[in-house]
Amino acid sequence: MADSDTRSIRNICILAHVDHGKTTLADHLIASSGGGLLHPKLAGRLRFMDYLDEEQRRAITMKSSSIALRYRDYSVNLIDSPGHMDFCSEVSTAARLSDGALVLVDAVEGVHIQTHAVLRQAWIEKLTPCLVLNKIDRLISELRLSPMEAYTRLLRIVHEVNGIVSAYKSEKYLSEVDSILAGPSGELDDESYEFVEDDEEDTFQPQKGNVAFVCALDGWGFTVHDFAEFYASKLGASAAALQKALWGPRYYNAKSKMIVGQKGVSSGSKARPMFVQFVLEPLWQVYQGALETDGGKEMLEKVIKSFNLSVLPRELQNKDPKVVLQAVMSRWLPLSEAVLSMVVKCMPDPTAAQTFRIPRLLPKREVLDNGVDSNVLAEAELVRTSVEACDSRPEAPCVAFVSKMFAVPMKMLPQRGPQGEVLNNWIDESEDGESDECFLAFARIFSGVLYSGQKIFVLSALYDPSKGESMQKHVQEATLQSVYVMMGQGLKYVASARAGNVVAIRGLGHHILKSATLSSTKNCWPFSSMAFQVAPTLRVAIEPTDPADVTALMKGLKLLNRADPFVEVTVSSKGEHVLAAAGEVHLERCIKDLKERFARVSLEVSPPLVTYKETIEGEEWNTLENLKSLAESSDYVKKTTPNLRCDVKVRVMTLPPSLTKLLDESSDLLGDIIGGRAGHTNKKLETRISGSMEDENAIETSGKRLMDAVESDILSRDENDEDRAEKLKRKWIKLLKRIWSLGPQQIGPNILFTPSSEGRDTEKSVLIRGSSHVSEKLGFVDDSGHCDTVHKPSSESAQALYFEAERLGSSVVSGFQLATAAGPLCDEPMWGLAFIVEASITPAHSDESEASQSQSEQYDIFPGQVMTAVKDACRAAVLQKKPRLVEAMYFCELNTSTEYLGPMYAVLARRRARVLKEEMQEGSALFTVHAHVPVSESFGFADELRRWTSGAASALLVLSHWEALPEDPFFVPRTEEEIEEFGDGSSVLPNTARKLIDNVRRRKGLPVEEKVVQHATKQRTLARKV
């Protein structure tokens, strides 16, 4: 019985670009399911799932919300998700709890940037997708396309979506080939060949039944299967044969009553594909008959009679043709029937889905520690097997995953249970006494049964059952107060819920911050963490208008941090409360929630805090070709410690762009391998698979990727000169064996190399050589004992100096970390720089006073002096080498009509945007423009664009990359042409780079070179007595 219950469940989410019709589609599915939640006539206009005031005001979805529907004998848990890029974290939470995804694409606008993002999310979470082409009616009424033109457009969209999914499959194929090549031979399993089988055919094929063509606003839709059944008896063919023929180059020969291919059609005939002839042309005739002004209703009457539709006479006599059309089409081709029947046929039930999703949800762990209790591992494997089988028996271990916490007002909780009993909702949940808001967990049960009053363990993503007592801080015990089925805004109390269901759980508000795994046993591995497509980049400082409200603000920020899965709340070094959001719309919602729900105080919000990076101008290749020991080169910066015992020489050069980008993107993985961020929460650490084989593969793959990045840059620069490219490659291989540290925070995109082995120690000075342990951990060096053998001096004084030099290696690394964390321009982190530091120490001078020497030894200030000298030398070296500011760039996709292209380009020009591509959308008067916009110029961009184009242009911003500003912030005229244009430089206005630097320095309280008096003219009085 339990098994049959599980097999009748479908967990689906709706994913799409913003304004492609997700919530409208959800409305029609809700209206058709019965229960009186939504009247069919209000479907599409009410937007039932957008129950927040802000969502209704902006007409966009801002959070993922679930509702339980009934369709025939099936229970469908539908999760509506946002399409705006600012709320893509909500897409991640929806995808994790679902088994299938309805991917909506606007038939007019086609595939957009967020469509790529949601398809990738579905691919990462191993969801079974179905494609829904929405707004088919716009092809008829707005674009006035012929059926053949519409077919060509629909065919192109299906091909494009298939191409995107195919690219993800290829990416998986290439990554798996890399790991197979990196690992030992013979370690292939069945999963290694999964991608080969998947890629044999397109993912979305209308003839397979996983593509629906709909108009969500008017409430009609169909799949190819529906029309195949209509025509099966009429054409005398089987429905299965027709279903295969009703898409693609298949034609119907009326004379022979045969279905033929392209070759069977004579060249002179005007044959149309069967999809055009039997599907689109009848639709077009119905629309034209309804929308024509002369009142030609014959086609409508023919459809009503043919399909025996029950349409009320008053609806047919309505003067608004859209109402008549909607009445007929929604009864002829009901939208909910088409979509839900596709969901039931094409999407797996929880039992089938969890079988192939288990490698993503609970990857296999290999524990090699012999001291682990075998019973613990056996029970953990039993739990994994239960999740894989979606075991819904009461005696099975209960496992659930909480993807987010969400806040609801206490008054929204159900007051009565299923038998009418009064529920006690006013249980004091916290020592804070937050009685107005109640936090519920948005969860999916993967195994067992969850019931009210159950004691359960809350496991964080870092929990490891094999480590026993040392993991106590990552596990908590909690009691579930209530379990609810979500009905959009409403909640329905249930005593218990079986595996495969999506529920809201009360009682975990103080045990879970963002997401967690729930288990009835401690011996359970936590689920892998969710993948987010973007990071929160927009940061503002917040403070209360009244300083007395600081406590209320701190409580409010704590509640907001728990309620929003993507927001980040931190305290800056200056003591400011910094709120990080994904974008402007997300930030506005967070501020509104703080003011009205969580803190309820008046707030002062600073201008956005933009992060920059600092680098130098120059070609790394020229530096590399002339790479010499610093002792022989004059191109270095030298600093000496105050006690004159240590001379520090620093040389800086730029890293290849591909290597810099890879170091930045792989920072979490590198942190795991190098172990440089002890004590920090590590995202990749949460999802990493424990086991020697995987770790070795990760290390080898990381080292190979770093080398590949360098090679790709070398080959792109020196395509023709192979000898020069090979020479540069050999030099880079030598350099990568000398990596002492990465920075800042030991995982950043800057490298500290050990000094070259040419430097010789003497009796009077010893070089601080450091160790290339990062190279060893990345696999560039085979044996840690490979390092150049250094001859240790024999005399005691020289030997003591040698040991002191070894001890000061950490001071050099600390100085490098400090320098790369705060550059010389405006204390921003450095980007893509490589430093070679040669620090040599000498013995203490005999003429130093005994008092100062003993004081120095007592307080051990020498390491601090070395650290400061290295930091100052690194910063000075950057200043000497033409420093440049690096700013973050957004990729911007804009859509507008032809008449507003001019104003749109004017807005882009004011924002320092760089246009990449402009193309006209086929079959429409809309233009799509791709551009790069600096993050610092993006604030208020959407509002200004709407204002200047009268709302005709829309923009979507996604963080793209970091780009160095070419302008010199310290520009002074030097050449004859510059002196002729700018004079002596006194009249040169500050350039963009200098303005940005000065703004950051002012914000941080650093000194800024500026005139205090702007216009030093003589003060004039009203009498003008000159």
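Treat the numbers as computed from the prediction; the structure is a model and nothing was measured.

### Re the overall build of the protein
No. 1: When helices and strands are counted, the protein shows 34 helices and 34 strands.
No. 2: Residues counted as buried form 52% of the 1026 residues belonging to the protein.
No. 3: A fraction of 76% describes how many contacts in the protein between residues 6 or more apart in sequence connect residues 24 or more apart.
No. 4: As displayed, the protein has an accessible area near 48,000 Å², and 51% of this comes from carbon and sulfur atoms.

### So, the packing of helix H11 (residues 274-291) against helix H14 (residues 321-332)
No. 1: For the pair H11 and H14, interaxial distance at closest approach is 9 Å and the crossing angle is 150 degrees. Our classification of the angle between H11 and H14 gives roughly antiparallel. Helix-helix and strand crossings are classified by hand; for H11 and H14 the assignment is right-handed. Residue-level inspection shows Leu-283, Val-286, Tyr-287, Ala-290 and Leu-291 of H11 in contact with H14, the latter providing Pro-321, Lys-322, Leu-325, Met-329 and Trp-332.

### Thoughts on the environment of Glu-776
No. 1: Inspection of the secondary structure puts Glu-776 in helix H26 (residues 773-777).
No. 2: The exposure class of Glu-776 is partly exposed, given its relative accessible area of 23%.

### Describing the sheet that holds strand S22 (residues 577-581)
No. 1: Spatial strand order, S21-S22-S20-S23: four strands in an open sheet with antiparallel pairing. Of all strands in the sheet, those bounded by a partner on one side alone are strand S21 (568-571) and strand S23 (603-605). Taking the axes of each pair of neighbouring strands and ignoring which way they run, one obtains an average angle of 30 degrees across the sheet.
No. 2: Across five bridges, the pairing between strand S20 (residues 538-544) and S22 is antiparallel. Paired with Ala-541 across the bridge in S22 is Val-578.
No. 3: The sheet contacts of helix H18 (residues 550-563) involve S20, S21, S22 and S23, and relative to S22 the element is tilted by about 25 degrees.

### Overview of the packing of aromatic side chains
No. 1: The full count for this structure, using the stated rule, is 21 aromatic pairs.
No. 2: Here Phe-213 and Phe-275 contribute two aromatic rings whose centre-to-centre distance is 5.2 Å and whose plane-to-plane angle is 45 degrees, an arrangement assigned as tilted. Here the residue Phe-213 occupies a position in strand S6 (residues 211-215), and Phe-275 occupies one in helix H11, the gap between them amounting to 62 residues.
No. 3: The exposure class of Phe-213 is buried, given its relative accessible area of 1%.
No. 4: Residue Phe-275 is classed as buried on the basis of its relative accessible area of 1%.

### As for the pattern of salt bridges
No. 1: Across all of its chains, the model carries 42 salt bridges by this definition.
No. 2: The shortest N-O distance in the salt bridge between Arg-47 and Asp-50 comes to 3.4 Å.
No. 3: Under the relative-accessibility criterion, Arg-47 is labelled buried at 17%.
No. 4: The network of salt bridges with shared partners includes Glu-54, Arg-57, Arg-58, Glu-588, Lys-592 and Glu-596.

### Description of the pairing of S22
No. 1: Most of S22 sits inside the fold, with five of its five residues counted as buried.
No. 2: Here S22 shows two buried faces, one formed by His-577, Leu-579 and Ala-581 and the other by Val-578 and Ala-580.
No. 3: Pairing of S21 with S22 involves four bridges; the strand directions are antiparallel. When the bridges of S22 are listed, Val-569 appears paired with Leu-579.
No. 4: Once S21 ends, the chain turns through five residues before running back antiparallel as S22, passing Gly-575 with a positive phi of about 90 degrees.

### Here we look at the nonpolar core
No. 1: Counting residues in hydrophobic clusters, the biggest one holds 77 residues, and the most contacted among them are Leu-25, Leu-102, Ile-505, Leu-508, Leu-518 and Leu-579.
No. 2: Per element, the largest residue contribution to this core is six residues, and it comes from helix H15 (residues 335-346).
No. 3: For Leu-102, the contacting residues outside a window of four places in its chain are Ile-12, Cys-13, Ile-14, Leu-15, Leu-25, Cys-130, Val-132, Val-339, Met-342, Val-343 and Met-347.
No. 4: Counting 63 residues, the second-largest nonpolar core is a separate cluster that includes Tyr-151, Leu-283, Met-299 and Val-328.

### Observations regarding H11
No. 1: Here H11 contains 18 residues, and its C-alpha end-to-end distance of 25 Å stays within 8% of the 26 Å for a straight helix at 1.5 Å per residue.
No. 2: The largest bend in H11 amounts to roughly 35 degrees and is located at Leu-280, with the proline Pro-282 lying one to four residues further along.
No. 3: Most of H11 sits inside the fold, with 14 of its 18 residues counted as buried.

### Quick word on the confidence of the model for the protein
No. 1: On average, residues of the protein score 81 in pLDDT, and 84% of them reach the 70 mark or higher.
No. 2: The low-confidence segment residues 784-789, where pLDDT is below 50, has six contacts with residues more than four positions distant or belonging to other chains.

### Some remarks on unusual backbone geometry
Among all residues save glycine, negative phi is the norm, and among peptide bonds the norm is trans.
No. 1: Residue Pro-744 is bonded to the preceding Gly-743 through a cis peptide linkage, with omega at -5 degrees.
No. 2: Along the polypeptide, Pro-744 turns up in the loop between strand S27 (739-743) and strand S28 (750-753).
No. 3: At Arg-72, a position not held by glycine, the phi torsion is positive, near 50 degrees.
No. 4: When you line up the elements, Arg-72 lands in the loop between strand S2 (65-71) and strand S3 (74-80).

### Focus on a negative patch on the surface
No. 1: A contiguous patch of negative charge, built from Glu-976, Glu-977, Glu-980 and Glu-981, is present on the exposed surface.
No. 2: The residue Glu-981 is located in helix H33 (residues 976-982) in this model.
No. 3: Given the relative accessible area of 61%, Glu-981 is considered exposed.

### Examining the side chain of Thr-949
No. 1: Within the secondary structure, Thr-949 is located in the loop between helix H32 (941-948) and strand S34 (954-964).
No. 2: Judged by its relative accessible area of 0%, Thr-949 is buried.
No. 3: In terms of polar contacts, Thr-949 uses its side chain to reach the backbone carbonyl oxygen of Leu-945, at 2.6 Å.
No. 4: Ignoring any residue separated from it by four or fewer positions in sequence, one finds Thr-949 in contact with Tyr-900, Pro-903 and Met-904.

### Some details on helix H17 (residues 374-389)
No. 1: With 16 residues, H17 extends 23 Å from end C-alpha to end C-alpha; this agrees with the ideal 22 Å at 1.5 Å per step.
No. 2: Where H17 is concerned, the buried positions are Val-376, Ala-380, Val-383, Arg-384, Ser-386 and Val-387. Down the axis of H17, the buried side of the element spans an arc of 160 degrees, and every buried residue falls inside it. Along H17, the residues that are exposed and aim more than 90 degrees away from the buried face are Ser-374 and Asn-375.
No. 3: Taken together, the buried residues of H17 touch helix H16 (350-361), strand S10 (399-409) and strand S11 (437-447).
No. 4: Positive phi appears at Cys-390, one or two residues downstream of H17, with a value of about 50 degrees.

Reading guide: rules and limits
Residues numbered from 1 in each chain as written. Predicted model: local features only at pLDDT ≥ 70, side-chain atom pairs only at ≥ 80, totals over all residues. Heavy atoms only, no water. Helix = DSSP H or I, 4+ residues; strand = E, 2+ residues; numbered from the N terminus. Buried < 20%, exposed > 50% of the residue type's maximum accessible area, 1.4 Å probe, protein only. Contact = heavy atoms within 4.5 Å. Areas by Shrake-Rupley, 256 points an atom, 1.4 Å probe, with all protein chains shown as cover. Axes fitted to C-alpha atoms, helices over the stretch in contact; angles between N-to-C directions. Parallel < 35°, antiparallel > 145°, perpendicular 65-115°, else oblique. Left-handed = near helix turned anticlockwise from the far one by under 90°. Pairing = 2+ DSSP bridges. Phe/Tyr/Trp six-rings, centres within 6.5 Å; stacked < 30°, edge-to-face > 60°. Salt bridge = Lys/Arg side-chain N within 4 Å of Asp/Glu carboxyl O. Core = buried A, V, L, I, M, F, W, Y, C linked by side-chain atoms within 4.5 Å. Expected span 1.5 Å × (residues − 1). Bend = angle between axes of the 7 residues up to and from the residue. pLDDT = per-residue confidence, 0-100. Patch = residues over 30% accessible without salt bridge, like charges linked within 9 Å, V, L, I, M, F, W, Y side chains within 5 Å. Lys, Arg positive; Asp, Glu negative; His and termini not counted. Charge placed at Lys NZ, Arg CZ, Asp CG, Glu CD. Polar contact = N/O pair within 3.5 Å; in protein donor to acceptor, adjacent residues only side chain to side chain. Arc of directions from axis to C-beta.

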